[in-house]
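A structural walkthrough
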Amino acid sequence: MQPVKIAEGVYDVGVNDWNSRNFHGYSINMGTSYNAYLVIDEKIALIDTVKKEFAAQLIENISKIIDPKKIDYIISNHTEMDHSGGLPRILHKIGENKPLFCSKMGLKNLSMHFPQNWNYQAVEDGEELSLGEKILTFIEAKMLHWPDSMFTYLKKEKILFSSDAFGQHYAGYEKFDDIIGDAIMPHAKKYFANILLLYSPLILKIIERIASLGLEINIICPDHGIIWRKDPSKIIEAYIRWSKQETKNKAVIIYDTMWHSTEIMAEAIASGINSAGVEVRPMHLRKCHRSDVMTEVVDSRAVIVGSPTLNNGLFPTVSDLLTYMKGLKPKDKIGAAFGSYGWSGESVKLINKELEAMKFEIIDPGLKIQYVPDKEGLEMCFQFGKKIGTAIIG
Amino acid sequence: MGKYVCTVCGYVYDPKEGDPDNGIKPGTKFKDLPEDWVCPVCGASKDEFEKEK
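For the structure given in this document, a descriptive report is provided here. All of these numbers come straight from a predicted model, not from anything done at the bench.

This next bit is on the overall build of chain B. Across its full length, chain B carries 0 helices and 3 strands. In sequence order, chain B lays out its α and β elements as β-β-β. With respect to the three principal axes, the spread of C-alpha positions in chain B is 25 × 20 × 15 Å. Burial status across chain B gives 34% buried among its 53 residues. Intrachain contacts of chain B at a sequence separation of at least 6 include 43% that bridge at least 24 residues. Accessible area of chain B: about 3,300 Å², with a carbon and sulfur share of 49%. Side-chain charges of chain B comprise 8 positive and 11 negative groups, with the mean position of each set lying 8 Å from the other.

Okay, here's the thing in structure tokens:
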């Protein structure tokens, strides 16, 4: 990738990872990018690095603008290895005694990844670093999404380097919101759903804090995907909406099936839900990735889960999804369970237990049907769906 | 009753509020929280907390 100029003396020198398709269990159908930012003034700073395997490309990109040895400071906004993996290589190149600025938790966490005797400099929230005319301000952003997370703000240019916040897994030469347009929003939503949803209350707080500090933002530079320069308020407003977990009149039906009986139930339930005028999306767990399911969960009012009973328990993909969803802490959902079974039929009870642990409002004890749903069974599914749809409409 | 701060994520445990989402009634002192109670924000254990200064 060629360096991308963002403002006078500010460049993205990061890399595209075109063919990555799985990001620690999150499916990324357009690859991703690891963005790193070079800020040039009397002093030169590099904000974040890239995944270890791409460090040579990072150095090559920097070299197209300046001699990398001229970098004076490294800033680590986030310890995670897709942003810190290039540190050993870059510090080796520029001199291991160069200051490495990070948050206090960054110091703790980076030291556990890189016990090298580097010149770590932990900064306070609000501390400034002058590069000459250009002034960088560090803003603590704990748990957005790791304890070490920090934002860096470039004052005069009003650029926020936001680490993983506002990012999207997307590799492309379309590096700006005005170039890619709305096509980026589903990627941003998926990123939020799978990485940030559980920290929703903290996101609202940090957005409030940035507003109270009176920081104007002209450009947001995240560590993945495109840069928001035309309308950064668009992604901030979307984050507020997603963090409030605002929902639509929509249900998602998440299921797996052995001999299609639970699937037949899922589709009859979907018809019932839709008959109440509610949008509905049935998702088969071996056809839809858990991360795509979570993206649909975010703005759904109801989450309906179906599993056959297998060996007296849940179908493994359903357990996988429930574990994943629980960790991401979706709030204020209507929930219900269903499933076909042969002889014991534990699945509905087991799903209900998980939905209760997530504090979903369980609006029906659940629907189980032995072996194959007959006409009467299908009508029960339809009515079950209609009850859910009616509850969604409220 | 003193407040305690999670050194990992900055969450503040306020005994006046308790942690009702996780079954801790308002008025519960930090020292009376069960040993398996964890930070409701980041999941850090009780020994990661410090008294608020």
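Past the structure itself, the notes keep going.
Residue and element names in this part refer to chain A. In terms of strand pairing, strand β12 (residues 128-130) meets strand β13 (residues 135-140) through 3 bridges, oriented antiparallel. Residue pairing for β13: E128 is matched across the bridge by T137. Taken together, β12 and the strand that follows it, β13, pair antiparallel across an intervening segment of 4 residues, in which G132 is found at a positive phi of about 130°. Here β13 runs beside strand β14 (residues 150-154); their pairing, made up of 5 bridges, is antiparallel. Counted as the bridge partner of I139 is F151 from β14.

All names here are of chain B. Strand order across the open sheet formed by 3 strands is β2-β1-β3, with antiparallel pairing between neighbours. The open sheet terminates on both sides in strands that have one partner only, identified here as β2 (12-13) and β3 (49-51). By the bridge criterion, 3 bridges tie strand β1 (residues 4-6) to β3 in an arrangement that is antiparallel. Its bridge partner being in β3, V5 is matched across the sheet by E50.

Residues and elements named next belong to chain A. With mixed pairing, the 7 strands of this open sheet are ordered in space as β1-β2-β7-β8-β9-β10-β11. The two strands at the open ends of the sheet, each matched to only one other strand, are β1 (4-7) and β11 (120-122). Taking the axes of each pair of neighbouring strands and ignoring which way they run, one obtains an average angle of 25° across the sheet. Docked against the sheet, helix α3 (residues 87-94) engages β8 (44-47), β9 (73-75) and β10 (100-102), running at close to 170° with respect to β9. Contacting β10 and β11, helix α4 (residues 104-113) crosses the sheet at an angle of about 150° to β11.

Taken together, the 8 residues of chain A in the interface contact 8 residues of chain B. Broken down residue by residue, the surface that chain A buries against chain B is led by K142, M143 and K359 of chain A, which jointly contribute 47%. Seen at the junction of chain A and chain B, the total is 0 salt bridges. Along the contact surface separating chain A from chain B lie 2 residue pairs in polar contact (both at pLDDT 80 or more). Tallied by class, the residues present in the side of chain A that touches chain B amount to 5 nonpolar, no polar and 3 charged.

What follows deals with the side chain of S20 of chain A. Residues and elements named next belong to chain A. Structurally, the position occupied by S20 is in the loop between β3 (15-17) and β4 (22-23). The class of S20 is buried, set by a relative accessible area of 12%. S20 has contacts with I28 and G31, leaving out every residue within four places of it along the chain.

On the surface, W343, Y371 and V372 of chain A cluster together into a nonpolar patch covering about 430 Å² of accessible area. Examined against the element boundaries, Y371 of chain A turns out to sit in the loop between β22 (367-370) and α13 (375-393).

All right, on to the nonpolar core then. Residue and element names in this part refer to chain A. Of all hydrophobic cores here, the largest spans 101 residues; its most connected members are L46, I235 and Y239. Among the elements that take part in this core, helix α6 (residues 185-196) stands out by supplying 7 residues, more than any other. Counting residues in hydrophobic clusters, the runner-up holds 25 residues, among them V10, I75, V123 and M150.

Residues and elements named next belong to chain B. Mapped onto the fold, G18 is located in the loop between β2 and β3. Overall, G18 belongs to the buried group, its relative accessible area being 6%. Separated by 32 residues in sequence, G18 and E50 place their C-alpha atoms 16 Å apart. When sequence neighbours within four positions are dropped, the list of residues in contact with G18 reads Y11, Y13, I24, K25 and P26.

Basis of the calculations
Residues numbered from 1 in each chain as written. Chains lettered and ligands numbered in written order. Predicted model: local features only at pLDDT ≥ 70, side-chain atom pairs only at ≥ 80, totals over all residues. Heavy atoms only, no water. Helix = DSSP H or I, 4+ residues; strand = E, 2+ residues; numbered from the N terminus. Buried < 20%, exposed > 50% of the residue type's maximum accessible area, 1.4 Å probe, protein only. Contact = heavy atoms within 4.5 Å. Areas by Shrake-Rupley, 256 points an atom, 1.4 Å probe, with all protein chains shown as cover. Lys, Arg positive; Asp, Glu negative; His and termini not counted. Charge placed at Lys NZ, Arg CZ, Asp CG, Glu CD. Pairing = 2+ DSSP bridges. Axes fitted to C-alpha atoms, helices over the stretch in contact; angles between N-to-C directions. Buried area = accessible area lost by both parts, 1.4 Å probe. Salt bridge = Lys/Arg side-chain N within 4 Å of Asp/Glu carboxyl O. Polar contact = N/O pair within 3.5 Å; in protein donor to acceptor, adjacent residues only side chain to side chain. Nonpolar A, V, L, I, M, F, W, Y, C, P; charged D, E, K, R; others polar. Patch = residues over 30% accessible without salt bridge, like charges linked within 9 Å, V, L, I, M, F, W, Y side chains within 5 Å. Core = buried A, V, L, I, M, F, W, Y, C linked by side-chain atoms within 4.5 Å.

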